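This is what each chain is made of:
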Amino acid sequence: MVASEWESFYVIIGSSAAALTGLQFVVIALGAEAERIGGAPEMEAFATPTIVHFCAVLLIAAIVSVPRQTPATLAMCFAVEGLAGLVYTSIVASRFGRGMRYVPVLEDLISHIILPFVAYTTLFVSGISVYWHAVAALYIIAATALLLLLLGIHNAWDSALYIAMSKRDPQ
């Protein structure tokens, strides 16, 4: 199967996603001491989706690394993961901005709703197309995994920066 050629790539991004997931837990734990970081609505809109994106990358890496994958099994796994990501992103979008002390800006909308929606849609469509065009689809899935990883890094950085600034600002 062509997927075996991707082993090093997915070892790198999969282990990065796993490590960054752990670091996000540390950021949230340290942020619990801050007084102004928000409550459940902010966590549901910003922190949890970041962990979901990192876990999605880890799952993509795991799917590609499973021995004896066929185009049909890859198609099914990626399509299901993409569909689950779309459902989750829709839930996040429906909650976005409601009941928050923090007022989201355009960058938040792009990095927490629009780009994840694009990524999970791409994963779903590419997942289905693996069955017919494995090589091209695997390149697109790799780019999608990288996008999700970079979104997670961006969003985790924003969260860490917001928490750090909230701790410094006595107002």
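Residues numbered from 1 in each chain as written. Predicted model: local features only at pLDDT ≥ 70, side-chain atom pairs only at ≥ 80, totals over all residues. Heavy atoms only, no water.

### Here we look at the overall build of the protein
When you go through the protein residue by residue, the secondary structure sums to five helices and zero strands. Secondary structure elements in the protein, listed N-terminal to C-terminal, are α-α-α-α-α. Counting all 171 residues of the protein, 39% fall into the buried class. Pairs at least 24 apart in sequence give 80% of the contacts found in the protein among residues at least 6 apart. (Helix = DSSP H or I, 4+ residues; strand = E, 2+ residues; numbered from the N terminus. Buried < 20%, exposed > 50% of the residue type's maximum accessible area, 1.4 Å probe, protein only. Contact = heavy atoms within 4.5 Å.)

### As for the packing of helix H3 (residues 71-95) against helix H4 (residues 106-129)
Relative to each other, H3 and H4 sit at 160 degrees, their axes nearing to 7 Å. For the element pair H3 / H4, the angle class is roughly antiparallel. In this structure, H3 crosses over H4, and the sense of that crossing is left-handed. Of the residues in H4, those touching H3 at Leu74, Ala75, Phe78, Ala79, Glu81, Gly82, Leu83, Gly85, Leu86, Thr89, Val92 and Ala93 are His112, Ile113, Pro116, Phe117, Tyr120, Thr121, Leu123, Phe124, Gly127 and Ile128. Residue composition of the contact of H3 with H4, grouped by class: 15 nonpolar, six polar and one charged. (Axes fitted to C-alpha atoms, helices over the stretch in contact; angles between N-to-C directions. Parallel < 35°, antiparallel > 145°, perpendicular 65-115°, else oblique. Left-handed = near helix turned anticlockwise from the far one by under 90°. Nonpolar A, V, L, I, M, F, W, Y, C, P; charged D, E, K, R; others polar.)

### Some thoughts on unusual backbone geometry
Despite not being glycine, Arg68 has its phi angle at roughly 60 degrees, a positive value. Residue classification places Arg68 among the exposed residues on the basis of a relative accessible area of 80%.

### Some points on the side chain of Asn155
One can find Asn155 in helix H5 (residues 134-168). A polar atom in the side chain of Asn155 sits 3.2 Å from the backbone oxygen of Ser111. Not counting the four nearest positions on each side in its chain, Asn155 is found in contact with Thr50, His53, Ser111 and His112. (Polar contact = N/O pair within 3.5 Å; in protein donor to acceptor, adjacent residues only side chain to side chain.)

### Here we look at H3
Compared with the 36 Å implied by 1.5 Å per residue over 25 residues, the 36 Å span of H3 between its first and last C-alpha is a close match. Following H3 by one or two positions, Gly97 adopts a phi angle in the positive range, close to 85 degrees. (Expected span 1.5 Å × (residues − 1).)

### So, a nonpolar patch on the surface
Among the surface-exposed residues, Leu106, Leu109, Ile110, Ile114 and Val118 lie close enough to one another that they form a single nonpolar patch of about 400 Å² accessible area. Tracing the backbone shows Ile114 in helix H4. (Patch = residues over 30% accessible without salt bridge, like charges linked within 9 Å, V, L, I, M, F, W, Y side chains within 5 Å. Areas by Shrake-Rupley, 256 points an atom, 1.4 Å probe, with all protein chains shown as cover. Salt bridge = Lys/Arg side-chain N within 4 Å of Asp/Glu carboxyl O.)

### Let's talk about the environment of Phe54
In this fold, Phe54 is placed in helix H2 (residues 40-65). Here Phe54 falls in the buried class, since its relative accessible area comes to 0%. Between the C-alpha atoms of Phe54 and Ile153, which are 99 residues apart in sequence, the distance is 8.6 Å.

### Comments concerning the side chain of His53
Mapped onto the fold, His53 is located in helix H2. Since its relative accessible area comes to 1%, His53 is described here as buried. Not counting residues within four places of it along the chain, the set of residues in contact with His53 comprises Pro116, Tyr120, Leu148 and Asn155.

### Focus: the nonpolar core
One finds Tyr10, Ile60, Phe78, Val130, Ile141 and Leu148 to be the most contacted residues of the largest nonpolar core, which totals 25 residues. Setting aside anything within four residues of it in sequence, one finds Ile141 in contact with Tyr10, Ile60, Phe78, Leu123, Ser126, Gly127 and Val130. (Core = buried A, V, L, I, M, F, W, Y, C linked by side-chain atoms within 4.5 Å.)

### Looking at the environment of Tyr10
Topologically, Tyr10 is positioned in helix H1 (residues 7-31). According to the relative accessible area criterion, Tyr10 is buried, its value standing at 1%. When the C-alpha atoms of Tyr10 and Leu58 are compared, they prove to be 8.4 Å apart, with 48 residues separating the residues in sequence.

### Some points on H4
Taking 1.5 Å per residue as the helical rise, H4 with its 24 residues ought to reach 34 Å, and the 32 Å between its terminal C-alpha atoms agrees with that figure. Roughly 30 degrees is the biggest bend found in H4, and it falls at Leu115, with proline Pro116 one to four residues downstream. Burial in H4 covers these residues: Asp108, Ser111, His112, Ile113, Pro116, Ala119, Tyr120, Leu123, Ser126 and Gly127. (Bend = angle between axes of the 7 residues up to and from the residue.)

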